[in-house]
Amino acid sequence: MKFFLDTANVEKIREFAEMGIVDGVTTNPSLIAKEGRNFEEVIKEITQIVDGPISAEVTKDTANEMVSEAESLASIHDNIVIKIPMTKEGIKATNMLAKKGIKVNMTLVFSPAQALLAAKAGARYISPFVGRLDDISHIGTELLISIREILDNYDFECEIIAASIRNPLHVVEAARIGVDIATIPPAVMEQLFKHPLTDIGIERFKKDWESVFGK
């Protein structure tokens, strides 16, 4: 399973990238705005840290506008992937971009039918939002199961990105299902390292060593 970081914070990206566990990055307008920096400047800096897919999202509404914006974003770096929202215009733009050889990450996917449409339109990545489904009393990981089954039935050249990850269990369940990628906020990435028995074990080993050999 590949790990993408879901953030535009370059310091956090650099921190985890140095561990060798970051395969790509996803951003969105909200994450970029949170950093309070120039959009293109942030994207360029991220591409210098991570040698993998970097998702940058369009903000326009019509297919032609999306394509124009996407072409501008794609010119920043070869690793840029364009995030397109799951709408009719988004599907049209995805098909247009796929024909131009520009990779698309279809975002805001909440149903198997939407995922199937995205795959047929030529999306390179599909991002089902797991946590947001949990928020409305649906089981988000069930959507991942359905999409995995659909894509495995055919020869679509696209990967599933488990998005809207809220906790380590989402990551583990996505991995068990066989999802290709999880895009993980830094706070959840921190949680993946933690287990109380690990901390207890380390402390016990230290005490046993010090009791014999001292500090």
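Described in the following lines is the structure provided in the data block. Here the structure is a predicted model, which is why all the values come from computation and not from measurement.

Here's the deal with the pattern of salt bridges
Going through the model one piece at a time under the given rule, you end up with 15 salt bridges. A salt bridge links Asp152 to Arg148; the shortest N-O distance between them is 3.2 Å. Residue Asp152 and its partner Arg148 are located together in helix H8 (residues 140–153), separated by 4 residues, close to a single helical turn. Taking relative accessible area as the criterion, Asp152 reaches 53% and is therefore assigned exposed. Residue Arg148 is classed as buried on the basis of its relative accessible area, which comes to 13%. The partner of Arg176 in a salt bridge is Glu173, with the nearest N and O atoms 3.2 Å apart. Residue Arg176 and its partner Glu173 are located together in helix H9 (residues 168–177), separated by 3 residues, close to a single helical turn. Of the residues examined, Glu173 reaches a relative accessible area of 24% and is grouped as partly exposed.

Comments concerning the nonpolar core
In this structure, Ile80, Ile82, Ile84, Leu97, Met106 and Ile126 are the most contacted members of the largest nonpolar core, which totals 58 residues. When residues in this core are grouped by element, the largest group, 6 residues, is from helix H4 (residues 63–74). Counting residues in hydrophobic clusters, the runner-up holds 5 residues, among them Val81, Tyr125, Ile161 and Ile181.

Some remarks on the packing of H8 against H9
With their axes 10 Å apart at the nearest point, H8 and H9 run at an angle of 20° to one another. Here H8 lies roughly parallel to H9, going by the angle between them. Every pair of crossing elements has a handedness; the one defined by H8 and H9 is right-handed. Residues Thr141, Leu144, Ile145 and Arg148 of H8 lie in contact with H9, whose contacting residues are Glu173, Ala174 and Ile177.

Considering the pairing of strand E7 (residues 159–162)
Taking every second residue as pointing to the same face, both faces of E7 are buried, with Glu159 and Ile161 on one and Ile160 and Ala162 on the other. In this structure, E7 lies alongside strand E8 (residues 181–184), joined through 2 bridges in parallel fashion. Counterpart to Ala162 in the pairing with E8 is Ala182. Regarding topology, H9 serves as the crossover connection from E7 to the parallel E8, and that connection is right-handed.

Conventions and cut-offs
- Residues numbered from 1 in each chain as written.
- Predicted model: local features only at pLDDT ≥ 70, side-chain atom pairs only at ≥ 80, totals over all residues.
- Heavy atoms only, no water.
- Salt bridge = Lys/Arg side-chain N within 4 Å of Asp/Glu carboxyl O.
- Helix = DSSP H or I, 4+ residues; strand = E, 2+ residues; numbered from the N terminus.
- Buried < 20%, exposed > 50% of the residue type's maximum accessible area, 1.4 Å probe, protein only.
- Core = buried A, V, L, I, M, F, W, Y, C linked by side-chain atoms within 4.5 Å.
- Axes fitted to C-alpha atoms, helices over the stretch in contact; angles between N-to-C directions.
- Parallel < 35°, antiparallel > 145°, perpendicular 65-115°, else oblique.
- Left-handed = near helix turned anticlockwise from the far one by under 90°.
- Contact = heavy atoms within 4.5 Å.
- Pairing = 2+ DSSP bridges.
- Right-handed = clockwise from strand over helix to strand, strands pointing away.

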